[in-house]
Structure formats: structure tokens, C-alpha cells
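# Summary of structural features
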Amino acid sequence: MIKALRTVGRYFMLMGRTFSRPERMRMFFRQYLNELEQLGVNSIGIVLLISFFIGAVITIQIKLNIESPWMPRWTVGYVTREIMLLEFSSSIMCLILAGKVGSNIASELGTMRVTQQIDALEIMGVNSANYLILPKITAMVTVIPILVTFSIFAGIIGAFCTCWFAGVMNAVDLEYGLQYMFNEWFIWAGIIKSLFFAFIIASVSAFFGYTVDGGSIAVGKASTDSVVSSSVLILFADLVLTKLLMG
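Please read these numbers as outputs of a predicted model, since none were measured by experiment.

### With respect to the layout of surface pockets
It is the rolling of a water-molecule-sized probe over the atoms that shows where space remains empty. A volume near 740 Å³ is recorded for the largest pocket. If you go around the largest pocket, you meet 23 residues; those closest to its centre are Thr7, Phe207, Phe208, Thr211 and Ser229. Listed by contribution, the elements that provide at least two residues to the lining of the largest pocket are helix H1 (2–18), helix H8 (184–210) and helix H9 (216–246). The dominant element in the lining of the largest pocket, judged by the number of residues it contributes, is H1, at eight residues. Every residue along the wall of the second largest pocket is listed here: Pro22, Glu23, Arg24, Met27, Phe28, Leu121, Val126, Asn127, Asn130, Tyr131 and Pro135. Secondary structure elements with two or more residues in the lining of the second largest pocket: helix H2 (25–40) and helix H6 (128–164). Of all the elements, H6 adds the most residues to the lining of the second largest pocket, at three residues. Of the residues belonging to the lining of the second largest pocket, the class tally is seven nonpolar, two polar and two charged.

Structure representation (C-alpha cells):
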């Protein structure tokens, strides 16, 4: 318990150093653009691929499991839309990105720590936490809502592909179900949740990488710990935010 409290205290102290005004805004903006490409643009492919197949699989599973003469045919599209908007494109997709992006951040900062690059920045009088971590957090918070939007569209396209090419159901019925009783707030709720998840992924992973103590084995452990901790915190935050946003 004491170790956990100490870890939480070190995390908040690190965030206090991170969220200070950058000494050189031009350098911060350059780092921010680099992180946008590395953490965001390079993740578009996996987001589109996974969302496409998940949308297709959800449509097939719902069609096979709830098919009944007592239920309207557009129910498949309605349920697929609700799953994609409320949980998958925001929460589950962020869990997947926690594994890809989180481990990337932790291993990068951990390697810089064990090779004494962070110590060199401190000796030069640079706030290393602000210089290294703030661009990553800012980039993640910026790009995650865009990735969530791409995930929603890719999932819907995957659902339609099961109708057009696999002949699972009529595409007109699917389209009607996707439009039936559409609530715009569900999209905004998913985007709001993704902002919190993005901060958790970037800050927690950066903390474990920045505070590595040891050699290459410690870097690997920090990468694993960052993914596990980020995933648990995302699930907990999802529970709380869903209750607050959806009532």
C-alpha cells in the first residue's frame, strides 16, 4: 500500500514538472508535430483495419444470434451502431492503442533514461519532463478524437461490406437501423471519454518509462507495467465516465 501511494505521489510530482510553460515554443511545436506523426498518423492503419473487421463481425454475430420473426430486421444495424459508438470506437480502441502507443512511449523514454540521455538534458538545465513528455500528451489528446472518428466510419463500412459482399442481410435494412433513433450525444460522449483515455495512455506510459531504474530488463518491465496500468485505469475511467455522461 505504501509503495502504491509512493508511486502515485511520484506520478503527480512528475506531472507537475511536465505541465509547465515550455522554455522554447518553437522547439515544443516541432516535437509536437513529430509526436503527432509517430503516435497518431502511424496508428491510423491499425485503427482502420481492426475497426473494419470488428464492425463486420459484430453485424454477423448479431444477425445470427438475435434473428427472430418477432424482431424487426433493422435491429441488427441499430445494435451495431450502439456498440460502435458507445464502447468499441472509444473504449476498446483506446485499450488497443494502450498496447501499441503506450509501450512505444515507455520503451522510448526508458531507453533514454538507461542511456543517460535524460540526465544529459538535466545537466544542460533543460526541464526534461516538460521537453519529452508534454508533446506526447498534447499529441495524444489531439489525435485520439480523430482516430475515434475514423474507427466509427471504418466499423460502419465493415458492417455494410458484410451486406454487399457476404449477403448476410439487406443493406437497406442495415442503413435504416443505423439511422433509427440516432442520438448525436453518443458520438460526443465517445470523444469526451477518448480525451481522458488519451491522457491516461500518454501520461502513465511516460511515467513508467521516465522513472526506469536499471538496464534493458527494466525497460521491458516498464513497458509491460505501462500497458497493464493504462488498461486498468482506462477500464476504471470508462466506468466512471459512462455513469457521468450517460446517467
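### Describing the confidence of the model for the protein chain
The predicted coordinates ought not to be read in detail in places where the model reports low pLDDT. A residue-level look at the protein chain finds 99% of positions with pLDDT of 70 or above and a mean pLDDT of 86. When pLDDT is averaged over each helix and strand of the protein chain, the minimum, 83, is found for helix H7 (residues 171–179) and the maximum, 91, for H8.

### Observations regarding the environment of Arg81
Along the chain, Arg81 turns up in helix H4 (residues 75–114). Taking the C-alpha atoms as reference, Arg81 lies 9.5 Å from Thr59; in sequence the two are 22 residues apart. Contacts of Arg81, omitting those with residues within four sequence positions, involve Gly177, Leu178, Gln179, Tyr180, Met181 and Phe182. At a separation of 2.6 Å, a polar atom in the side chain of Arg81 contacts the main-chain carbonyl oxygen of Tyr180.

### Describing H4
Think of an α-helix as turning once every 3.6 residues; residues three or four places apart then point the same way. With 40 residues, H4 extends 55 Å from end C-alpha to end C-alpha; this agrees with the ideal 58 Å at 1.5 Å per step. Downstream of H4 by one or two residues, Gln116 has phi in the positive range, about 65 degrees.

### Points about the packing of H4 against H7
Where H4 contacts H7, the axes come no closer than 6 Å and their chain directions differ by 45 degrees. Accordingly, the angle class assigned to the pair H4 and H7 is oblique. Both H4 and H7 take part in a crossing whose hand is right-handed. Of the residues in H7, those in contact with Val76, Gly77, Tyr78 and Arg81 of H4 are Leu174, Gly177, Leu178 and Gln179.

### Describing the side chain of Arg113
By the secondary structure assignment, Arg113 is in helix H4. Within the local environment of Arg113, its side chain forms a polar contact with the side chain of Asp119, the two groups lying 3.1 Å apart.

### Describing a nonpolar patch on the surface
There is a patch of nonpolar side chains on the surface, built from Phe236, Leu239, Val240 and Leu244 and spanning about 440 Å² of accessible area. Take Phe236: it is sitting in helix H9. The class of Phe236 is exposed, set by a relative accessible area of 54%.

What counts and what doesn't
- Residues numbered from 1 in each chain as written.
- Predicted model: local features only at pLDDT ≥ 70, side-chain atom pairs only at ≥ 80, totals over all residues.
- Heavy atoms only, no water.
- 1 Å grid on protein atoms, 1.4 Å probe; cavity = no way out; pocket = protein on both sides within 12 Å on 5 of 7 lines; lining within 4 Å.
- Points joined across faces, edges and corners; volume = space filled by probe spheres on them.
- Helix = DSSP H or I, 4+ residues; strand = E, 2+ residues; numbered from the N terminus.
- Nonpolar A, V, L, I, M, F, W, Y, C, P; charged D, E, K, R; others polar.
- pLDDT = per-residue confidence, 0-100.
- Contact = heavy atoms within 4.5 Å.
- Polar contact = N/O pair within 3.5 Å; in protein donor to acceptor, adjacent residues only side chain to side chain.
- Expected span 1.5 Å × (residues − 1).
- Axes fitted to C-alpha atoms, helices over the stretch in contact; angles between N-to-C directions.
- Parallel < 35°, antiparallel > 145°, perpendicular 65-115°, else oblique.
- Left-handed = near helix turned anticlockwise from the far one by under 90°.
- Patch = residues over 30% accessible without salt bridge, like charges linked within 9 Å, V, L, I, M, F, W, Y side chains within 5 Å.
- Areas by Shrake-Rupley, 256 points an atom, 1.4 Å probe, with all protein chains shown as cover.
- Salt bridge = Lys/Arg side-chain N within 4 Å of Asp/Glu carboxyl O.
- Buried < 20%, exposed > 50% of the residue type's maximum accessible area, 1.4 Å probe, protein only.

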